[in-house]
Amino acid sequence: MRGHRIMKFGCFLKFVLLSWYSTQRCAQALKDIEKGPIGITKKPVSISYQDLKDAFDNRTCSPKQLLGSISKAFGPDGLGLLEVSDIPPAVVKLRSNVMDMAESLAMLPTEQLEEITIPSSMYSIGWSHGKEQFRGEYDTGKGSFYFDPFHEDASNHNVYPASMQPDLEDSLLEISTRMAEIGSWVASLCDLYLQELKDKQQSEETETDNNAIDLPLQTISIRQSLASGGYAKGRLLYYFPVGTNNKDSLSQEDNESSSLDSWCGWHKDHSSMTILIPGKLFEDESDTSSKQSNGNKPGLYIHSQGQAVHVQLPPTSIGVQLGETLEIMSCGHFRATPHAVKGSSNPNTGRASLALFLQPPLDTILPQLHSQAEDESLRQRWRPTYGEFQDATLTAFL
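**Q** Honestly, empty space enclosed by the protein in this entry has me stumped. Any pointers?
**A** To locate leftover empty space, one rolls a probe as large as a water molecule over the atoms. Here the structure, examined in full by the defined rule, presents two cavities of 30 Å³ or more. By volume, the largest cavity is sized at about 50 Å³. In this structure, the largest cavity is lined by Ser225, Leu226, Ser228, Gly229, Gly230, Tyr231, Ala232, Leu358 and Gln359.

**Q** I'm lost on the packing of aromatic side chains in this one. Help?
**A** Evaluation of the coordinates by the stated rule reveals eight aromatic pairs. Aromatic side chains Phe74 and Phe334 sit 5.9 Å apart centroid to centroid with 70° between the ring planes, which places their arrangement in the edge-to-face category. Taken together, the residues Phe74 in helix H6 (residues 67-74) and Phe334 in the loop between helix H14 (324-329) and strand S14 (339-342) connect sequence positions 260 residues apart. Given the relative accessible area of 0%, Phe74 is considered buried. Through successive ring pairs, a cluster of aromatic residues spans Phe74, Tyr193 and Phe334.

**Q** Can you walk me through the pairing of S14 in this structure?
**A** It is a general feature of regular strands that their side chains alternate between the two faces of the sheet. Residues of S14 alternate between two faces, with His339 and Val341 on one and Ala340 and Lys342 on the opposite face, all of them buried. Inspection of the sheet shows strand S9 (residues 264-267) paired to S14 by two bridges, in the antiparallel sense. Residue pairing for S14: His267 is matched across the bridge by His339. The sheet contact formed by strand S11 (residues 299-304) and S14 spans four bridges and is antiparallel. Counted as the bridge partner of Gly299 is Lys342 from S14.

**Q** Could you clarify how one ought to interpret the pattern of salt bridges in this entry?
**A** Side-chain pairs of opposite charge can arise whenever the charged atoms involved come near each other. According to the stated counting rule, one finds eight salt bridges in the structure shown. Note that Glu83 is salt-bridged to Lys43, the shortest N-O span being 3.1 Å. Of this pair, Glu83 sits in strand S3 (residues 81-85) while Lys43 sits in the loop between strand S1 (38-41) and strand S2 (45-48), and the two are 40 residues apart along the sequence. Classification of Glu83 by relative accessible area gives buried; the value is 2%. One salt bridge connects Glu196 with Lys64, and the closest N-O pair in it is separated by 3.4 Å. Here Lys64 lies in the loop between helix H5 (49-58) and H6 and Glu196 lies in helix H10 (residues 167-203), a separation of 132 residues in the sequence. By relative accessible area, Glu196 is classed as partly exposed at 32%.

**Q** What's the story with the confidence of the model for the chain in this structure? I'm lost.
**A** Segments scoring low in pLDDT should not have their predicted coordinates read at a detailed level. With 77% of its residues at a pLDDT of 70 or more, the chain has an overall mean of 81. For the chain, helix H12 (residues 244-248) is the element with the lowest average pLDDT, namely 38, and S3 is the one with the highest, namely 98. Below a pLDDT of 50 lies the segment residues 12-17, which in the model reaches 23 contacts outside its immediate sequence neighbourhood of four places, other chains included. Scored below 50 in pLDDT, residues 244-258 makes eight contacts in the model with residues more than four places away or belonging to other chains.

**Q** Help me understand the sheet that holds strand S15 (residues 350-358) in this model?
**A** A sheet is described by the order of its strands in space; here eight strands give the open sequence S2-S3-S13-S10-S15-S8-S7-S4, paired in mixed fashion. Two strands bound the open sheet, and with one partner strand each, they are S2 and strand S4 (126-129). If you compare each strand with its neighbour and ignore which way they point, the axes differ by 25° on average. Where strand S7 (residues 142-147) and strand S8 (residues 233-239) come together, six bridges link them in antiparallel fashion. Among the inter-strand pairings, Lys142 is bridged to a residue of S8, identified as Tyr239. Across the face of the sheet, H5 comes into contact with S2 and S3 while running at roughly 55° to S2. In the packing of H6 onto the sheet, the strands contacted are S2, S3 and strand S13 (318-322), and the crossing angle to S3 comes to about 135°.

Quick notes on the rules
Residues numbered from 1 in each chain as written. Predicted model: local features only at pLDDT ≥ 70, side-chain atom pairs only at ≥ 80, totals over all residues. Heavy atoms only, no water. 1 Å grid on protein atoms, 1.4 Å probe; cavity = no way out; pocket = protein on both sides within 12 Å on 5 of 7 lines; lining within 4 Å. Points joined across faces, edges and corners; volume = space filled by probe spheres on them. Phe/Tyr/Trp six-rings, centres within 6.5 Å; stacked < 30°, edge-to-face > 60°. Helix = DSSP H or I, 4+ residues; strand = E, 2+ residues; numbered from the N terminus. Buried < 20%, exposed > 50% of the residue type's maximum accessible area, 1.4 Å probe, protein only. Pairing = 2+ DSSP bridges. Salt bridge = Lys/Arg side-chain N within 4 Å of Asp/Glu carboxyl O. pLDDT = per-residue confidence, 0-100. Contact = heavy atoms within 4.5 Å. Axes fitted to C-alpha atoms, helices over the stretch in contact; angles between N-to-C directions.

And the structure:
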């Protein structure tokens, strides 16, 4: 079973490994960020959960009404992140419970964590702590719990701490199902937007807009590439409090250059899209960092249009973040953006989060890379299939 797991799902190791190169990969982006405005707060483009449900489940409204938001969120000038707002109260409560479980899991006794640490899976299943690199050193600042929610034999494939069963497994499956549903709806909107763009371009006999971007047309259905769900990877994260000793050990230069990525380095996700549950801070009474001015707030930062933008999703929302594969599949009409996580200035504050990575099967054919690709590394790593692209990404940065 374990050997079969490695053969079929070994690609998920690359989610672990690809986080190793985050700082190196966006080193130039980090320099650019330092030259521009830092830490401005910006509200992401938003679509309500009910509007998505009405468009695709209830079919009481046309999804075309939502396409403007897709263009603004994922287009070349967007944040590469869409907020799905006003999620059902039951999901809000579930999110809170899962975040609390993330902290509880990270605080389990060492012997219990060792029981769910699976070296034979190359740490792509179960607990992973100190196995990934951050700034050239093994990262003990955060712990990850990996799981494959939609595996055909999920109960035997995944591992969970016995002391948290069955609540942890049931909760992660339930919330992953809701997250994947939102991802499918958004993928359908992406397909519809690109199809309308394709129809418009094909109907034009001559160019009428001098500002139009000459990009190829998308031919691959994004929703269909994600439909099986078999390649979805869940990552429950807990960022440990910085700790006074660790914080003091950083040089002044490190403090200045890494202030926005002290918990997670600048990187782009290479998958199709990442569904994000808003992170939860576990604060002590003296921590006021979440109320601080721009650039000092902990949480998610996105580099867009030469600016480092602080994005804070409320507990009643879910984020959908674009990955490089979707940028390729959209022929450049959508763009992935570098992002990082800033730690709290209070050494006693931790943070929990949950990400669901959606990616296509390894044999998915990718279109030629669009001519507008600004990322030189992306141009060098493009390959004709997703599996080859993933391998090239791994080779390039490790």
